[in-house]
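Each chain is listed here by its residues.
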Amino acid sequence: MRPRHIALAVLVAALWGVNFVVIELGLDHFPPLLFSALRFLAAAVPAIFLLGRPPVAWKWVVGVGLVLGVGKFGLLFIGMDQGMPAGLSSLVLQIQAVFTALFAALALSERPGRIRVAGMAVALAGIVVAAVDEGAGGPVLAFVLVVGAAACWGVSNVFTRRAAPGDALTFMVWVSAVPVLPLLGLSLLFEGPDRDAEALASLDWSGVGIILFVAWVSTVFGFGAWGFLLRQYPASSVAPFTLLVPVFGMSSAALVLGEGVSPLRWCAAALLVGGVALTSGVGVATASGRRAAASGHVRHPAGPAAPPPPGASASRTPRTPTCPDPARPGTPPAAAPRSPAAAE
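All of these numbers come straight from a predicted model, not from anything done at the bench. (Residues numbered from 1 in each chain as written. Predicted model: local features only at pLDDT ≥ 70, side-chain atom pairs only at ≥ 80, totals over all residues. Heavy atoms only, no water.)

Overview of the overall build of the protein chain
Argument step 1. A tally of regular secondary structure across the protein chain gives 16 helices and zero strands.
Argument step 2. For the protein chain, the proportion of its 344 residues judged to be buried stands at 58%.
Argument step 3. In the form shown here, the protein chain has an accessible surface area of approximately 13000 Å², with 70% of it arising from carbon and sulfur atoms. (Helix = DSSP H or I, 4+ residues; strand = E, 2+ residues; numbered from the N terminus. Buried < 20%, exposed > 50% of the residue type's maximum accessible area, 1.4 Å probe, protein only. Areas by Shrake-Rupley, 256 points an atom, 1.4 Å probe, with all protein chains shown as cover.)

Re the environment of Ser-89
Argument step 1. Within the secondary structure, Ser-89 sits in helix α5 (residues 86-92).
Argument step 2. The exposure class of Ser-89 is buried, given its relative accessible area of 0%.
Argument step 3. On a C-alpha basis, the gap between Ser-89 and Gly-249 in space is 8.4 Å, while along the polypeptide they are 160 residues apart.

A short note on the confidence of the model for the protein chain
Argument step 1. Taken residue by residue, the protein chain gives an average pLDDT of 79. The fraction at 70 or more is 79%.
Argument step 2. Counted against residues more than four places away or in other chains, residues 285-289, with its pLDDT under 50, gives eight contacts.
Argument step 3. Note that residues 296-343 has pLDDT below 50 and, in this model, 310 contacts with residues that lie over four places away or in other chains. (pLDDT = per-residue confidence, 0-100. Contact = heavy atoms within 4.5 Å.)

Concerning the environment of Arg-116
Argument step 1. Following the sequence through the fold, Arg-116 ends up in helix α7 (residues 114-135).
Argument step 2. Assessed through its relative accessible area of 17%, Arg-116 is described here as buried.
Argument step 3. Sequence separation between Arg-116 and Ala-277 is 161 residues, and the spatial gap between their C-alpha atoms is 8.8 Å.

Quick look at helix α2 (residues 32-44)
Argument step 1. Under the 1.5 Å per step criterion, the end-to-end length of α2 is 19 Å for 13 residues, consistent within 8% with the ideal 18 Å.
Argument step 2. α2 sits mainly inside the fold: twelve of its 13 residues count as buried.
Argument step 3. Three or more residues of α2 are buried, namely Pro-32, Leu-33, Leu-34, Phe-35, Ser-36, Ala-37, Leu-38, Arg-39, Phe-40, Ala-42, Ala-43 and Ala-44. (Expected span 1.5 Å × (residues − 1).)

Let's talk about the packing of helix α6 (residues 96-108) against helix α8 (residues 140-163)
Argument step 1. Remark: α6 packs on α8, axes separated minimally by 8 Å, with the N-to-C direction vectors making an angle of 45 degrees. Between α6 and α8, the interaxial angle falls into the category oblique. The way α6 lies across α8 gives a crossing that is right-handed. Judged by residue contacts, Gln-96, Phe-99, Thr-100, Phe-103, Ala-104, Ala-107 and Leu-108 of α6 engage Val-147, Ala-150, Ala-151, Trp-153, Gly-154, Val-155, Asn-157, Val-158, Arg-161 and Arg-162 from α8. (Axes fitted to C-alpha atoms, helices over the stretch in contact; angles between N-to-C directions. Parallel < 35°, antiparallel > 145°, perpendicular 65-115°, else oblique. Left-handed = near helix turned anticlockwise from the far one by under 90°.)

Details of the packing of aromatic side chains
Argument step 1. Counted under the stated rule, the structure contains seven aromatic pairs.
Argument step 2. Ring centres of Phe-30 and Phe-35 lie 5.5 Å apart, and the angle between their planes is 25 degrees; this geometry places the pair in the stacked category. Side by side, Phe-30 and Phe-35 carry an identical accessibility label, which is buried.
Argument step 3. Judged by centre distance (6.3 Å) and plane angle (90 degrees), the rings of Phe-73 and Phe-77 are edge-to-face. Separated by four residues within a single helix, Phe-73 and Phe-77 lie in helix α4 (residues 58-81), roughly one turn from each other. Each member of the pair Phe-73 and Phe-77 is classed as buried.
Argument step 4. A cation over a ring is seen here: Lys-72 above Trp-153, with NZ or CZ 3.5 Å from the ring centre. (Phe/Tyr/Trp six-rings, centres within 6.5 Å; stacked < 30°, edge-to-face > 60°. Lys NZ or Arg CZ within 6 Å of the ring centre and 35° of its normal.)

Observations regarding the packing of helix α1 (residues 3-26) against helix α14 (residues 245-256)
Argument step 1. Direction vectors running N to C along α1 and α14 enclose 45 degrees, while the axes themselves pass 7 Å from each other. When the axis of α1 is compared with that of α14, the two are oblique. For the crossing formed where α1 meets α14, the hand is right-handed. Across the interface between the two elements, Val-10, Ala-13, Ala-14, Trp-16, Gly-17, Val-18 and Val-21 from α1 touch Val-245, Phe-248, Gly-249, Ser-252, Ala-253 and Val-256 from α14.
Argument step 2. For the contact of α1 with α14, a count of residues per class yields ten nonpolar, three polar and no charged. (Nonpolar A, V, L, I, M, F, W, Y, C, P; charged D, E, K, R; others polar.)

Re unusual backbone geometry
Argument step 1. Looking along the chain, the bond that leaves Val-45 and enters Pro-46 is cis, with omega of 10 degrees.
Argument step 2. Even without being glycine, Ala-164 reaches a positive phi, approximately 50 degrees.
Argument step 3. Assignment of secondary structure puts Ala-164 in the loop between α8 and α9 (168-177).

Some words on α4
Argument step 1. End to end, α4 covers 32 Å across 24 residues, agreeing with the expected 34 Å (1.5 Å per residue, within 8%).
Argument step 2. The element α4 is largely enclosed, with a buried count of 17 among its 24 residues.
Argument step 3. Once α4 finishes, Gly-83 follows within two positions and takes phi at roughly 120 degrees, a positive value.

Looking at the side chain of Ser-252
Argument step 1. By the secondary structure assignment, Ser-252 is in helix α14.
Argument step 2. Given a relative accessible area of 10%, Ser-252 falls into the buried group.
Argument step 3. Polar contacts involving the side chain of Ser-252 include one to the main-chain carbonyl oxygen of Phe-248, which spans 2.7 Å.
Argument step 4. If near-sequence neighbours (up to four positions away) are discounted, Ser-252 is found in contact with Gly-17, Val-18, Val-21 and Leu-257. (Polar contact = N/O pair within 3.5 Å; in protein donor to acceptor, adjacent residues only side chain to side chain.)

This is the structure in C-alpha cells:
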C-alpha cells in the first residue's frame, strides 16, 4: 500500500476507536435510544435524497437496518449508558467476528477451518477474561448487553453477505434510515417523552457536534474512505488495520475519560485481538496475498460490499462482507468481520 493510503487506513481505525469515547460523551446529553435514533437520522439525511434506491431487495435493507441499527446499536448504547466503559466496549464488540463466523456456518454453510476454529476459541477466552475483569468492578448486565450487540452485528453481517450490495455506500445510507422510527418509538416507550423532550430542549453545540461526529465523520467519512481503500487493494491488505480500532478505543478512553486498563484487561485484549485475527484469517489471507503479488496475479475487488465499522475482516473463501459502525460506524468483501465501528 502507498504511504498515504496506509495513513488513511490508520486514520479510519483511529476515528472508529475514538468514536466510542464520543458515544460516551454523547450519553451525557441524550438517552441512549434517542441518541442512536438521532445518529442514524443524521447519517441518512440529506444523503438519502442525493442517492438512488439501494441496489438490493428491500427485505435486506430493512433486515440489516433493524438488526444493525436497532439491535446492535440499541444494545451498545444502552450497555454503555448502564456503565460499560468505552474502551472495553471497543474491545468486546470485536467478538462479532466469532458470531459472524458461527452464523455464516449455520445459515450459509461457510464452514470454518481449523485455524479459524482455534481463533474463535482464543477470542472467546479473551471475552471470558474480560468478563472476569469487568465482573470484579463493573455492571455485568452492561457487559452482557455489549456482547449481545456483537451478536446482532454478526447477524447483520450474514444478512449483508446474502444481500451482496454492489454499491455499499448507498446501501448503508438507506440502512441508516430504517432504524430511525423504531428507535424513536422505543425511546418514547422506555425512556419517556419527558426525558426525550428535555434532552432535545437542552441541545447545545457540543451535542450537535457529537451527533455530527458519530454520523458524518465516523460513519459517512469512515465508510467512504474504507470503501475507497477496498477498491484499491485486496481486502487482505486493508482488513488488518481494523485490529487497531480497540487499541485506539482503549487508549483514547484512558486519555480522555481517565479509564484505567488493568493487567487482566490487557490480557483480554491480547487474546481477543489475536483470536479475531485468526478467526478472520488475517495471517493466512495476507500470506496468500503476498504469494499472489509475487506471481503477479493480485486481483483488486471491484468495489466494497460493506464497511466494517469499527471492524473489518480479511479475505476468505467464500467471502463474507461486513457492516460498518454506521456508527462501528464500524464494518468489505471479506470473511468474519472485526467495525466499525463504528460506531459505531
